[in-house]
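# Descriptive structure summary
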Amino acid sequence: MQPIYIVVSSAGSSPWKQTNWHCTGPMNIGMSVVGNSTSTWQIDYTVDDPTGAYPNPTLGSSSVTVYSTTSGSSTATYASFTTPVAAIRLTMNVLSSAGGKVTATILQAGIG
């Protein structure tokens, strides 16, 4: 798999980036996040299908269940997922001045 890049430059969440949950072997996803000192962010993930192609019947018409993990600010951070997740997104919580930006790089092993 080629790296997937997510860039967020205002408060809010990026679109969901789906993982390949059909990979063989354990799911191994590495995620590097780099922000600047004006922003705080978090990594969100879900085990539900955010596209709605395979809706979770227990959710009814509500959206996917969102879990949050690693968060940070200006320090580069690395996170990993070793259990299956359906999708990952990046959420910027606070932007204290113009020019703030957070960049996430996602790389999944076991595909191909």
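Residues numbered from 1 in each chain as written. Predicted model: local features only at pLDDT ≥ 70, side-chain atom pairs only at ≥ 80, totals over all residues. Heavy atoms only, no water.

From N to C terminus, the protein includes zero helices and nine strands. The N-to-C order of helical and strand elements in the protein reads β-β-β-β-β-β-β-β-β. Within the protein, the proportion of its 112 residues that are buried is 33%. For the protein, the proportion of contacts with a sequence separation of at least 24, taken over those separated by at least 6, is 84%. Summed over its atoms, the accessible surface of the protein is roughly 6,100 Å², and 54% of this surface lies on carbon and sulfur atoms. (Helix = DSSP H or I, 4+ residues; strand = E, 2+ residues; numbered from the N terminus. Buried < 20%, exposed > 50% of the residue type's maximum accessible area, 1.4 Å probe, protein only. Contact = heavy atoms within 4.5 Å. Areas by Shrake-Rupley, 256 points an atom, 1.4 Å probe, with all protein chains shown as cover.)

The strand order 1-9-4-7 describes an open sheet built from four strands, whose pairing is antiparallel. Either end of the sheet is taken by a strand with one partner, and the two such strands are strand 1 (4–8) and strand 7 (77–81). Pairwise comparison of adjacent strand axes, ignoring direction, gives a mean angle of 20° for this sheet. Pairing of strand 1 with strand 9 (residues 102–109), which is carried by five bridges, proceeds in the antiparallel orientation. (Pairing = 2+ DSSP bridges. Axes fitted to C-alpha atoms, helices over the stretch in contact; angles between N-to-C directions.)

According to the stated counting rule, one finds two aromatic pairs in the structure shown. Seen from their ring centres, Tyr45 and Phe81 are 5.2 Å apart, and the 70° between their planes marks the pair as edge-to-face. With a gap of 36 residues between them, Tyr45 in strand 5 (residues 39–46) and Phe81 in strand 7 connect regions that are remote in the sequence. Of the residues examined, Phe81 reaches a relative accessible area of 8% and is grouped as buried. (Phe/Tyr/Trp six-rings, centres within 6.5 Å; stacked < 30°, edge-to-face > 60°.)

Take the pattern of salt bridges next. Using the criterion set out here, one finds one salt bridge in the structure. Two residues, Asp44 and Arg89, come together in a salt bridge whose shortest N-O distance is 3.0 Å. Taken together, the positions of Asp44 in strand 5 and Arg89 in strand 8 (residues 87–95) put the pair 45 residues apart, joining distant regions of the chain. (Salt bridge = Lys/Arg side-chain N within 4 Å of Asp/Glu carboxyl O.)

By size, the foremost hydrophobic cluster in this structure holds 18 residues, and its most contacted members are Ile29, Met31, Val33, Ile43, Ile88 and Leu90. Counting only elements with at least two residues in this core, the list comes to strand 1, strand 4 (28–35), strand 5, strand 7, strand 8 and strand 9. (Core = buried A, V, L, I, M, F, W, Y, C linked by side-chain atoms within 4.5 Å.)

All quantities given are derived from atomic positions and should not be read as evidence of function.
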